[in-house]
Amino acid sequence: MTVSNTATKTDAIILAGSRPGGDPMAESHGIEVKALIPVAGKAMLAHVVDSLLNHKAIANVHVLAQDFAPFWEHSDTRALEPNDRVIADVSAATIAVSVDAVLDHGDARFPTLITTADNVLLNEPMIDDFLAAAQSSDIAIAVVEKGVLLKSYPASQRTWLKLRGGHYSGANLFYFGSPQARQILRYWAEVEQDRKKGWKILTIFGPWLLFLAVTRLLTVDQLAARVGKKLGLTITIVEMAQAEACIDVDKDSDLVMVEQILAERAAQPL
């Protein structure tokens, strides 16, 4: 594998496209693209781009979407078009194919951080912790353990992958440390249409691995090690200390919660 140099800056990819057939949340808000739904007075995409561009470890930011006209016409995101550090990449049919195309063409360099436009609470401490833990990995995946989330936000509802030692929710932060990491995208493509069933990807790696997972005989790190061994990759699961890392904006109740959290952050003394 290629070990990332700690001095090397990381490119970032933001998934900002629309779901096939449209996004119900965008439609309910009367907005063409979900990434432009305002949160705390600013489009979601603008929050995420700002967090990445302002971080010392991030070089260029690639935005993946089917159509950029809505972004270039919107007051919160039109300034991204002439920004030399923001690259607009047109999405393909699926997320996995789209990400692979960006990496294959050499538009994004390794290491690469991947996140989503609705990951509005992403901030400097989260990026710091994730990148520090991801170093020397081919692939790193951020998760939040159920107890961490519910301690701070007991009303929050997430989809959980239940394993030995804990229940985990994805945090919409991924790290590709080497070109070899691209091979995971083939498996991602097979399950991304059913992303809420976290166990489904395990069926691709064989019934024994699936059995060990669903019977909770493996910890999250053991599961990552077994999948990594099959692929010849080093896979790191990063358990985030920040509960907010797994709170994205999938529904209106999330939007209310995220706005409350941003208001609390804004009220804190510098």
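These figures come from a predicted structure and were not determined experimentally.

Our focus in this paragraph is the overall build of the chain. Within the chain one finds ten helices and ten strands. Within the chain, the fraction of its 270 residues that count as buried is 48%. For the chain, restricting intrachain contacts to residue pairs at least 6 apart in sequence, the fraction spanning at least 24 positions comes to 75%. Put simply, the chain shows about 12,800 Å² of open surface, and 53% of that area lies on carbon and sulfur atoms.

As a further point, take the nonpolar core. Membership of the largest hydrophobic core comes to 56 residues, with the highest contact counts inside it found for Leu45, Leu52, Phe71, Phe130 and Met240. Secondary-structure elements contributing two or more residues to this core are strand E1 (10-15), helix H2 (44-53), strand E4 (58-65), helix H5 (124-134), strand E7 (139-145), strand E9 (166-176) and helix H10 (252-267). Of all the elements, H2 adds the most residues to this core, at seven residues. Beyond its immediate stretch of four places on either side in the chain, methionine 240 contacts Met126, Phe130, Ala142, Val143, Val144, Val148, Leu173 and Ala245. Judged by nonpolar contacts, the second largest core, of 28 residues, contains Ala96, Ala108, Leu218 and Val227.

Let us now look at the packing of aromatic side chains. Tallying each qualifying case throughout the model produces two aromatic pairs. Centre to centre, the rings of phenylalanine 68 and tryptophan 72 are 5.4 Å apart; their planes meet at 20 degrees, and the pair counts as stacked. By relative accessible area, which is 8% here, phenylalanine 68 ends up buried. On the basis of relative accessible area, tryptophan 72 is assigned to the partly exposed category, the value being 22%. Ring pairing ties together the aromatic residues Phe68, Phe71 and Trp72, which thus form one cluster.

The rules behind these values
- Residues numbered from 1 in each chain as written.
- Predicted model: local features only at pLDDT ≥ 70, side-chain atom pairs only at ≥ 80, totals over all residues.
- Heavy atoms only, no water.
- Helix = DSSP H or I, 4+ residues; strand = E, 2+ residues; numbered from the N terminus.
- Buried < 20%, exposed > 50% of the residue type's maximum accessible area, 1.4 Å probe, protein only.
- Contact = heavy atoms within 4.5 Å.
- Areas by Shrake-Rupley, 256 points an atom, 1.4 Å probe, with all protein chains shown as cover.
- Core = buried A, V, L, I, M, F, W, Y, C linked by side-chain atoms within 4.5 Å.
- Phe/Tyr/Trp six-rings, centres within 6.5 Å; stacked < 30°, edge-to-face > 60°.

On their own, these measurements won't tell you what the molecule is for.
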